[in-house]
Amino acid sequence: MNLTAAKIFVTSRGAKCALDRGTHMSLLDNVNMQARCKSKMTRPKAFETNKYKKVEDPIGLYGYCLLGIPIATFALGTWQIKRWRWKLDLIDKLKQRTSAEPIDLPSDLNELKDKEFYRMKVKGKFLYEKEFLIGPRSLILNGEAVSEKSGGIFSRKAGSGYYVITPFKLEDRDLTIMVNRGWIPRGDRSAFKMENKITDSVEIVGIIRVSEKRPPFIPDNTPAKGVWHYRDLNAMAKIAEAEPVYIELLTEYGTPQGPIGGQTKVTLRNEHFSYILTWYSLSACTSYMWFRQFVQKLPLL
């Protein structure tokens, strides 16, 4: 091979190698570019894959604060279930006590604190000269307060009136208690002392009651003026010169043409079941709204 031919061969071989190297580099660039594009397409949009970068909470403090609404209403509904069961038990105990056989007055008067709403029988005489009034109070018939709008035979007396409290001297012991003989209309307040009175010894049955706290917005009692708004047995006993023992006379033991007996309210309102439905309904509605607002709007991974 001559010198000219050798140069041509070397030149053509170098060009071919350069071409091969260029082609190889171009293919590598294409592969790298495709890998980067594929990585970008498969990377999650909502969260950063870098483990060293802080991930932002998609719900946030505002969302968690709103979550407290369904939780709180659910707790209130559960609490009302406990209140509902407690009220049912209280109503059952009240019915049992008011329908039980009458008990005798215990020798230890402190035992009466746990005997409220029990029926008790005593025998003795009324001391009418020391009786007084408590009121104004509504008339109670068959254990329920009569509305001023009620019709019928008692519509005239269905308004405000007073309870007549009369000391009762026991026959079998040197003891005086207080008896709520019944209700009189406001218009008969000054004429109730003219009624027919029982002066002989008599056996009566009444419902045991204890002192009551002063109701809201009700004035204090004024014993010096004979004004009584609520049942304070200790203060009443001092005025009546009696023991702090108080019973409410049953209807059948009242005086003819006298106060209407049976002034013991034996029914209790029990609306806790409606409260249960209300709170649980609010919890269900607010839970669904929170789910729609925060959970369904979370981006897919």
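Residues numbered from 1 in each chain as written. Predicted model: local features only at pLDDT ≥ 70, side-chain atom pairs only at ≥ 80, totals over all residues. Heavy atoms only, no water.

A. Local environment of the pairing of strand 3 (residues 132–138). The element strand 3 is extensively covered by neighbouring structure, given that five of its seven residues are classed as buried. Alignment of strand 3 against strand 6 (residues 160–170), held across five bridges, turns out to be antiparallel. Bridged to Phe 132 within strand 6 is Ile 165. (Buried < 20%, exposed > 50% of the residue type's maximum accessible area, 1.4 Å probe, protein only. Helix = DSSP H or I, 4+ residues; strand = E, 2+ residues; numbered from the N terminus. Pairing = 2+ DSSP bridges.)

B. Examining the UniProt feature "transmembrane region" (unreviewed entry) in the chain more closely. The UniProt entry lists residues 59–79 under the feature "transmembrane region" (unreviewed entry), expressed in the numbering used here. Its end C-alpha atoms 29 Å apart, residues 59–79 is made of 95% helix and 0% strand. (UniProt positions renumbered as here; feature names shortened; annotations may be inferred.)

C. Molecular detail of the packing of aromatic side chains. Enumeration over the complete set of coordinates arrives at seven aromatic pairs. Between the aromatic rings of Phe 74 and Tyr 280, the centroid separation amounts to 5.3 Å while the plane-to-plane angle is 45 degrees, which identifies the pairing as tilted. Of this pair, Phe 74 sits in helix 2 (residues 60–99) while Tyr 280 sits in helix 4 (residues 272–295), and the two are 206 residues apart along the sequence. Residue Phe 74 is classed as partly exposed on the basis of its relative accessible area, which comes to 48%. Through pairs of rings, three or more aromatic residues link up here, namely Tyr 62, Trp 290 and Phe 294. Over the ring of Tyr 118 we find Lys 115, and its NZ or CZ is 5.3 Å from the ring centre. Over the face of the ring belonging to Phe 126 we find Arg 181, whose NZ or CZ atom lies 6.0 Å from the ring centre. (Phe/Tyr/Trp six-rings, centres within 6.5 Å; stacked < 30°, edge-to-face > 60°. Lys NZ or Arg CZ within 6 Å of the ring centre and 35° of its normal.)

D. Quick look at the pattern of salt bridges. Evaluated as defined, the whole model comprises ten salt bridges. For Glu 171, the salt bridge is made with Lys 123, and the minimal N-O distance between the two is 3.8 Å. In this pair, Glu 171 sits in the loop between strand 6 and strand 7 (176–185) while Lys 123 sits in strand 2 (residues 119–126), placing the two residues 48 residues apart along the sequence. Counted as one network, the salt bridges with shared partners bring together Glu 116, Arg 209 and Glu 248. (Salt bridge = Lys/Arg side-chain N within 4 Å of Asp/Glu carboxyl O.)

E. Just helix 2, in detail. Between its first and last C-alpha, helix 2 extends 60 Å over 40 residues, near the 58 Å set by a 1.5 Å rise per residue. For helix 2, the full list of buried residues reads Gly 63, Pro 70, Thr 73, Gly 77, Gln 80, Lys 87, Ile 91 and Leu 94. Of the surrounding secondary structure, the elements contacted by the buried residues of helix 2 are helix 4. (Expected span 1.5 Å × (residues − 1). Contact = heavy atoms within 4.5 Å.)

F. Geometry of the environment of Leu 170. Summarising the element assignment, Leu 170 is placed in strand 6. Through-space distance from the C-alpha of Leu 170 to that of Glu 203 is 9.6 Å; in sequence the pair is 33 residues apart. Leu 170 has contacts with Leu 105, Val 122, Lys 123, Gly 124, Leu 175 and Ile 177, leaving out every residue within four places of it along the chain.

G. Representation of a nonpolar patch on the surface within the structure. On the surface, Trp 86, Leu 90 and Leu 268 cluster together into a nonpolar patch covering about 260 Å² of accessible area. As for its placement among the helices and strands, Leu 90 is situated in helix 2. Take Leu 90: its relative accessible area is 34%, and that puts it in the partly exposed class. (Patch = residues over 30% accessible without salt bridge, like charges linked within 9 Å, V, L, I, M, F, W, Y side chains within 5 Å. Areas by Shrake-Rupley, 256 points an atom, 1.4 Å probe, with all protein chains shown as cover.)

H. Broad picture of helix 3 (residues 233–240). Turning to helix 3, its buried residues are Leu 233, Met 236, Ala 237 and Ala 240. Down the axis of helix 3, the sector holding all buried residues measures 105 degrees, keeping them to one side. Opposite the buried face of helix 3, by more than 90 degrees, sit the exposed residues Asn 234 and Lys 238. Contacts from the buried residues of helix 3 go to strand 3, strand 6, strand 7, strand 8 (202–209) and strand 9 (246–249). In the stretch just after helix 3, Glu 241 is the one whose phi turns positive, near 55 degrees. (Arc of directions from axis to C-beta.)

I. Main features of the nonpolar core. Judged by nonpolar contacts, the single largest core of 17 residues is most densely connected at Phe 132, Ile 134, Tyr 163, Ile 165, Met 178, Met 236 and Tyr 246. When contributions to this core are tallied by element, the ones reaching two or more residues are strand 3, strand 6, strand 7 and helix 3. Residue contributions to this core peak at four residues, all from helix 3. If we skip the residues at most four places from it in the chain, Tyr 163 touches Phe 132, Leu 133, Ile 134, Arg 137, Ser 138, Ile 140, Asn 180, Gly 182, Trp 183 and Gln 263. Judged by nonpolar contacts, the second largest core, of 16 residues, contains Phe 126, Phe 168, Ile 204 and Val 245. (Core = buried A, V, L, I, M, F, W, Y, C linked by side-chain atoms within 4.5 Å.)

J. Summary view of the confidence of the model for the chain. For the chain, mean pLDDT is 80; residues scoring 70 or higher make up 73% of the total. Every residue in residues 148–157 is under pLDDT 50, and counting partners more than four places away or in other chains gives eleven contacts. (pLDDT = per-residue confidence, 0-100.)

K. Representation of the side chain of Gln 80 within the structure. Mapping Gln 80 onto the fold places it in helix 2. Residue class for Gln 80 comes out buried when judged on its relative accessible area of 7%. Apart from residues lying up to four places away in sequence, Gln 80 is in contact with His 272, Tyr 275, Ile 276 and Trp 279.

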